[in-house]
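# Examination of the molecular architecture
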Amino acid sequence: MTPLVAAAAKARENAFAPFSRFLVGAALEAEDGAIFTGCNVESASYGLTMCAERVAIFKGVSEGRRRFQRVAIVTDFETLTPPCGACRQLLWEFASDAEVSLANLTGLEKRYTLRELLPDAFDSMSLTSNV
């Protein structure tokens, strides 16, 4: 288990998921090597639930980081769990060249690039006019 995956697994222990029982941990490595972790936090008002990946991004951004080079996401499911669409979009904006490690507690791990998980992404370049 890499140190980044281990950090995500540790963060998963703090997840608050009384409704789904789906505990997720995430860890992001900034360009300077700093690691920021997050866990999912559920709300009885489901729309207010926050994914682990976004918690980690917000923590990193709030500490002044703007670019991340690696991401790890850990669950306790046999099937590895990629980030949801909202998390993929936000990750793209801060980590478009990132390596993404999906892992579970049994040691299964698979790596992707964020570009593989979100092809033809929408970003700031999509907002510029070609006219």
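Structural data are supplied above this passage.
Throughout what follows, the structure given in this document is the object of discussion. (Residues numbered from 1 in each chain as written. Predicted model: local features only at pLDDT ≥ 70, side-chain atom pairs only at ≥ 80, totals over all residues. Heavy atoms only, no water.)

Our focus in this paragraph is the overall build of the chain. Within the chain one finds 4 helices and 5 strands. When its helices and strands are written in sequence order, the chain yields α-β-β-α-β-α-β-β-α. Seen through its principal axes, the chain has C-alpha atoms that stretch 50 × 35 × 30 Å. When burial is assessed residue by residue, the chain has 44% of its 131 residues classed as buried. Within the chain, contacts between residues at least 6 apart in sequence are counted, and of these 60% link residues at least 24 apart. Approximately 7400 Å² of the chain is accessible, and the part contributed by carbon and sulfur atoms is 55%. Distance from the positive charge centre (13 side chains) to the negative charge centre (16 side chains) of the chain: 3 Å. (Helix = DSSP H or I, 4+ residues; strand = E, 2+ residues; numbered from the N terminus. Buried < 20%, exposed > 50% of the residue type's maximum accessible area, 1.4 Å probe, protein only. Contact = heavy atoms within 4.5 Å. Areas by Shrake-Rupley, 256 points an atom, 1.4 Å probe, with all protein chains shown as cover. Lys, Arg positive; Asp, Glu negative; His and termini not counted. Charge placed at Lys NZ, Arg CZ, Asp CG, Glu CD.)

Moving on, we come to the sheet that holds strand β2 (residues 35-39). Read across the open sheet, the 5 strands follow the order β2-β1-β3-β4-β5; overall the sheet is mixed. If you trace the sheet from one side to the other, it starts and ends with β2 and β5 (109-113), each paired once. Each neighbouring strand pair of the sheet contributes to a mean axis angle of 15°, computed without reference to strand direction. Packed onto the sheet, helix α2 (residues 52-62) meets β1 (25-30), β2 and β3 (68-75) and runs at close to 140° relative to β2. (Pairing = 2+ DSSP bridges. Axes fitted to C-alpha atoms, helices over the stretch in contact; angles between N-to-C directions.)

Attention now goes to the pairing of strand β4 (residues 99-104). Burial of β4 is extensive: 5 of the 6 residues sit out of reach of the surface. As judged from the 6 bridges shared by β3 and β4, these two strands associate in the parallel manner. What sits directly across from I73, in β4, is L102. Following the chain from β3 across helix α3 (residues 85-95) to the adjacent parallel β4, one finds a crossover that is right-handed. Two elements, β4 and β5, share 5 bridges in a ladder whose sense is antiparallel. Looking across to β5, one finds that A103 is bridged to E109. The hairpin turn running from β4 into β5, its antiparallel successor, is 4 residues long, and G107 in that turn takes a positive phi close to 100°. (Right-handed = clockwise from strand over helix to strand, strands pointing away.)

This brings us to the environment of A44. Mapped onto the elements of the fold, A44 is located in the loop between β2 and α2. A residue is classified by how much of its surface remains accessible, and A44, at 62% relative accessible area, is exposed. For the pair A44 and A17, spaced 27 residues apart in sequence, the C-alpha to C-alpha distance is 9.9 Å.

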